[in-house]
Amino acid sequence: MNINKLWLIIVMFAVMAVPAMAAVNNAEIYQPYDGALTDATGNGFIGSLSGTAAVQTSVFKVGNGSLYFNANSNNALAINNYTSTLAGDNAGTISYWLQPAAAMNDYFLGIGGVSDNNNRYENGILANGSYIIAMRANSGSPAWQAYPTAPAVGVWQLLTITQDGSNAKIYINGALERTISSGTWFNDMSALNRFIIG
């Protein structure tokens with residue numbers, strides 16, 4: 001069983017993102033946003049910023065900075081050609097802080113195939129105001145999805161999703177939000193090659 005972790009910090013529409021932990025701890029990607037765009041794991045998953053997306057040191061939850069982006073797909077951090085060991089993972093953890101700085105509807109984080117809506121992990125606020133966390137794998141329909149309470153404007157939220165091979169668990173601010181009986185994870189996706197924040 002492969003287990004990898006992703007630690008990030010995100011803030012949107014004027015949203016900020018911040019790494020969830022201040023240590024690498026077997027993470028595959030750990031972006032602390034401490035004044036620059038880096039991958040503290042040394043694995044080289046740095047990516048590139050587009051539009052008005054930027055690392056800011058004036059707003060942060062942990063560490064010394066956050067990733068700030070407007071709710072627009074042209075303002076983002078993208079790690080393309082993300083040929084990671086995530087593609088073989090049937091278990092692991094994704095964890096990140098996020099804070100909407102204004103009311104918005106767009107995605108905070110997506111991991112999947114470039115231009116492939118059928119293979120991706122997604123987290124964001126939909127046009128109808130629903131806060132969604134979903135995992136899709138080789139179909140147009142989510143293998144699982146949840147609609148917890150959205151983070152309030154100006155309030156940091158720690159979102160953690162774990163998968164043990166049988167169940168996905170969603171934690172908000174350290175408290176278990178729900179358990180989903182599904183083993184779908186990144187090993188079930190095809191063409192996993194993009195990680196995008198914003």
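All values derive from a computational prediction rather than experimental measurement. (Residues numbered from 1 in each chain as written. Predicted model: local features only at pLDDT ≥ 70, side-chain atom pairs only at ≥ 80, totals over all residues. Heavy atoms only, no water.)

Visitor: I'd like a rundown of the overall build of the chain, residues and numbers included.
Guide: Regarding its fold elements, the chain presents 0 helices and 16 strands. Evaluated residue by residue, the chain yields a buried proportion of 51% over its 198 residues. Counting only contacts in the chain whose residues sit at least 6 apart along the sequence, the fraction spanning at least 24 positions is 59%. Total accessible area on the chain stands at roughly 7900 Å², and carbon and sulfur atoms take up 46% of it. (Helix = DSSP H or I, 4+ residues; strand = E, 2+ residues; numbered from the N terminus. Buried < 20%, exposed > 50% of the residue type's maximum accessible area, 1.4 Å probe, protein only. Contact = heavy atoms within 4.5 Å. Areas by Shrake-Rupley, 256 points an atom, 1.4 Å probe, with all protein chains shown as cover.)

Visitor: Residue-level account of the pattern of salt bridges, with values.
Guide: Enumeration according to the criterion identifies 2 salt bridges in this entry. With a shortest N-O distance of 3.1 Å, Arg136 and Glu122 are connected by a salt bridge. In this pair, Arg136 sits in strand β11 (residues 131–136) while Glu122 sits in strand β10 (residues 116–125), placing the two residues 14 residues apart along the sequence. Judged by relative accessible area, which is 13%, Arg136 ranks as buried. (Salt bridge = Lys/Arg side-chain N within 4 Å of Asp/Glu carboxyl O.)

Visitor: If you had to explain unusual backbone geometry to someone new, which residues and values would you point to?
Guide: Residues other than glycine seldom take positive phi values, yet Asn173 does so here, at roughly 55°. Topologically, Asn173 is positioned in the loop between β14 (168–172) and β15 (175–180). You can call Asn173 partly exposed: its relative accessible area is 48%.

Visitor: Any chance you could break down the environment of Ala146 for me, citing the residues and the numbers?
Guide: By secondary structure assignment, the location of Ala146 is in strand β12 (residues 142–146). Take Ala146: its relative accessible area is 1%, and that puts it in the buried class. As a C-alpha pair, Ala146 and Asn123 span 23 residues in sequence and 9.7 Å in three-dimensional space. The contacts of Ala146, once residues within four sequence positions are left out, are Tyr131, Ile132, Ile133, Ile170, Arg178 and Ile180.

Visitor: Describe in detail the side chain of Asn123, supporting the description with residues and values.
Guide: Examined against the element boundaries, Asn123 turns out to sit in strand β10. When its relative accessible area of 0% is taken as the criterion, Asn123 is described as buried. A polar contact is formed between the side chain of Asn123 and the side chain of Tyr96, at a distance of 2.8 Å. Polar side-chain contacts of Asn123 include one of 3.2 Å to the backbone oxygen of Ile132. Dropping the residues within four chain positions of it, Asn123 is found in contact with Tyr96, Leu98, Tyr107, Phe108, Leu109, Tyr131, Ile132, Ile133 and Leu159. (Polar contact = N/O pair within 3.5 Å; in protein donor to acceptor, adjacent residues only side chain to side chain.)

Visitor: I'd like a description of the side chain of Gln163, backed by residues and values.
Guide: Mapped onto the secondary structure, Gln163 falls in strand β13 (residues 157–163). From its side chain, Gln163 meets the backbone nitrogen of Gly165 in a polar contact 2.8 Å long. Of note is the side chain of Gln163, whose polar atom sits 3.2 Å from the backbone nitrogen of Asn167. Beyond its immediate stretch of four places on either side in the chain, Gln163 contacts Asn90, Ala91, Gly92, Ala168, Ser182, Gly183, Thr184 and Trp185.

Visitor: I'd like to hear about the environment of Ser50, residue by residue, with values.
Guide: Its location among the elements puts Ser50 in strand β4 (residues 48–50). Residue classification places Ser50 among the partly exposed positions, given a relative accessible area of 30%. Distance in space between the C-alpha atoms of Ser50 and Leu77 is 6.5 Å, their sequence separation being 27 residues. Apart from residues no more than four positions distant in its own chain, Ser50 is found in contact with Asn74, Asn75 and Ala76.

Visitor: So what's going on with the confidence of the model for the chain? Residues and values would help.
Guide: In this model, the chain carries a mean pLDDT of 74, and residues with pLDDT of at least 70 account for 74%. Element-level mean pLDDT values for the chain span from 41 in strand β2 (residues 15–19) up to 92 in β15. Taken as a whole, residues 1–22 scores under 50 in pLDDT and shows 159 contacts with residues more than four places along the chain or in a different chain. (pLDDT = per-residue confidence, 0-100.)

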